[in-house]
Each structure stands twice: as structure tokens, then as C-alpha cells.
Amino acid sequence: MALFKSPDKKWKKRIISIFIIALGLVLGVTWSSKKICIGDRVFVALGLPAWTSGTSGTHYPAVVGAILILIGMGMLNTTLQKKSRFWLWTIVVLGLVILNFVLTI
């Protein structure tokens, strides 16, 4: 009955890593349609400043979001085979380059 053993741990780790990446995006991104950053509201609700100098300087939710995204990508990277890792990071780098061009226009 090897078919009915517990699910592969890699799938659990992949799901958790995708959740962490999504959480990092939600915390660190300013949503253009509403011009709000959910991370700002979370930090204010916790009594923490969202910026180093009032409304300017280092944006703490973006830093936390970037760290969460990197942690999630690292976790996802450990569950993939070598060929899949190459394509994952190729897509990430191309996505960042395209995002940079879109945001600067």
C-alpha cells in the first residue's frame, strides 16, 4: 500500500514558499488602482512606523516584503531540480527587468 502514504514533503514546502512569496508581495507592493500599500496599514496597526522619516526614507514594509520574497524563492529553489531552477530564476530576472522598464516609463 505504498500508494496511500503521506504526501510528498516537497509539495508542502512548495505551497508554503508560494504563500510566503505572495505575503511578501502583498506587504511590499503599492497597489496602483487604490494607491495604498497594505504593508503600511499593517505596520501602523502594529504601532510601527512605515517609513524612516515620516513619509520618506526607507520603506519598511517594502524591505520586509523583499526579504519574504527572497526567503520564499530560496525555499522553492530547494525543492526543484536543476533544470527547473534555471527556468525559475530566468523568469524572475526577466520579470524584474520588464517591471523596471514598465515602472520607469
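Would you explain the layout of surface pockets in this entry?
Taking a probe equal in size to a water molecule and rolling it over the atoms shows the remaining empty space. If you add up the space inside the largest pocket, you get close to 390 Å³. Taken together, 16 residues form the lining of the largest pocket, with Leu25, Ile69, Val92, Leu96 and Leu99 sitting closest to its centre. Secondary structure elements with two or more residues in the lining of the largest pocket: α1 (9-28), α3 (60-79) and α4 (82-104). Looking at the lining of the largest pocket residue by residue, the classes come out as 12 nonpolar, four polar and no charged.

So what exactly am I meant to see when it comes to the nonpolar core here?
Nonpolar side chains in soluble globular proteins tend to be buried together. Listed in full, the five residues of the largest apolar core are Ile21, Met73, Leu76, Leu80 and Leu88. Beyond its immediate chain neighbours, meaning those up to four positions away, Ile21 contacts Ile69, Gly72 and Met73.

Would you explain the packing of aromatic side chains in this entry?
Each aromatic ring pair is described using two quantities: the centre-to-centre distance and the angle formed by the ring planes. A complete count under the given rule lists one aromatic pair for this structure. Between the NZ or CZ atom of Arg14 and the centre of the ring of Trp11, over which it lies, the distance is 4.9 Å.

I'm lost on the packing of α1 against α3 in this one. Help?
Between two packed helices, both the angle of their axes relative to each other and the distance between the axes serve to describe the pair. It is at 7 Å that the axes of α1 and α3 come closest, and there the two elements cross at 160°. On the basis of their axis angle, the class for α1 and α3 is roughly antiparallel. At the point where α1 passes α3, the crossing takes the left-handed sense. Within the contact between the two elements, α1 uses Lys10, Lys13, Arg14, Ile16, Ser17, Ile20, Ile21, Leu23, Gly24, Leu25, Leu27 and Gly28 and α3 uses Pro61, Ala62, Val64, Gly65, Leu68, Ile69, Gly72, Met73, Met75, Leu76, Thr78 and Thr79. For the contact of α1 with α3, the residue count by class is 14 nonpolar, seven polar and three charged.

Please explain a nonpolar patch on the surface as it appears in this structure.
On the surface, Val26, Trp31, Ile38, Val42, Leu46 and Leu48 cluster together into a nonpolar patch covering about 500 Å² of accessible area. Within the secondary structure, Leu48 sits in the loop between α2 (38-45) and β3 (51-53).

Even after reading the chapter, I still don't get the pairing of strand β4 (residues 56-59), so can you show me in this structure?
Regular strands place side chains that alternate from one sheet face to the opposite one. Strand direction decides the pairing type here: β3 and β4, joined by two bridges, are antiparallel. Across the sheet, the residue bridging to Trp51 is His59, located in β4. Linking β3 back to β4 in an antiparallel pair, the connection comprises two residues, with Gly54 at a positive phi of about 75°.

Teacher, can you tell me more about the environment of Gly28 here?
Structurally, Gly28 can be placed in helix α1. Each C-alpha atom of the pair Gly28 and Val63 lies 7.1 Å from the other, and the pair is 35 residues apart in sequence. Discounting chain neighbours no more than four positions away, the residues touching Gly28 are Cys37, Pro61, Ala62 and Gly65.

Hey, could you run me through the packing of α2 against α3 in this one?
α3 packs onto α2 with a crossing angle of 110° between their chain directions and a minimal axis gap of 8 Å. When the axis of α2 is compared with that of α3, the two are roughly perpendicular. Contacts between α2 and α3 involve Gly39, Asp40 and Phe43 on the former and, on the latter, Tyr60, Pro61 and Val64. Across the contact of α2 with α3, the residue classes tally to four nonpolar, one polar and one charged.

About the criteria used
- Residues numbered from 1 in each chain as written.
- Predicted model: local features only at pLDDT ≥ 70, side-chain atom pairs only at ≥ 80, totals over all residues.
- Heavy atoms only, no water.
- 1 Å grid on protein atoms, 1.4 Å probe; cavity = no way out; pocket = protein on both sides within 12 Å on 5 of 7 lines; lining within 4 Å.
- Points joined across faces, edges and corners; volume = space filled by probe spheres on them.
- Helix = DSSP H or I, 4+ residues; strand = E, 2+ residues; numbered from the N terminus.
- Nonpolar A, V, L, I, M, F, W, Y, C, P; charged D, E, K, R; others polar.
- Core = buried A, V, L, I, M, F, W, Y, C linked by side-chain atoms within 4.5 Å.
- Buried < 20%, exposed > 50% of the residue type's maximum accessible area, 1.4 Å probe, protein only.
- Contact = heavy atoms within 4.5 Å.
- Phe/Tyr/Trp six-rings, centres within 6.5 Å; stacked < 30°, edge-to-face > 60°.
- Lys NZ or Arg CZ within 6 Å of the ring centre and 35° of its normal.
- Axes fitted to C-alpha atoms, helices over the stretch in contact; angles between N-to-C directions.
- Parallel < 35°, antiparallel > 145°, perpendicular 65-115°, else oblique.
- Left-handed = near helix turned anticlockwise from the far one by under 90°.
- Patch = residues over 30% accessible without salt bridge, like charges linked within 9 Å, V, L, I, M, F, W, Y side chains within 5 Å.
- Areas by Shrake-Rupley, 256 points an atom, 1.4 Å probe, with all protein chains shown as cover.
- Salt bridge = Lys/Arg side-chain N within 4 Å of Asp/Glu carboxyl O.
- Pairing = 2+ DSSP bridges.

Function-wise, these values are silent; they only describe arrangement.
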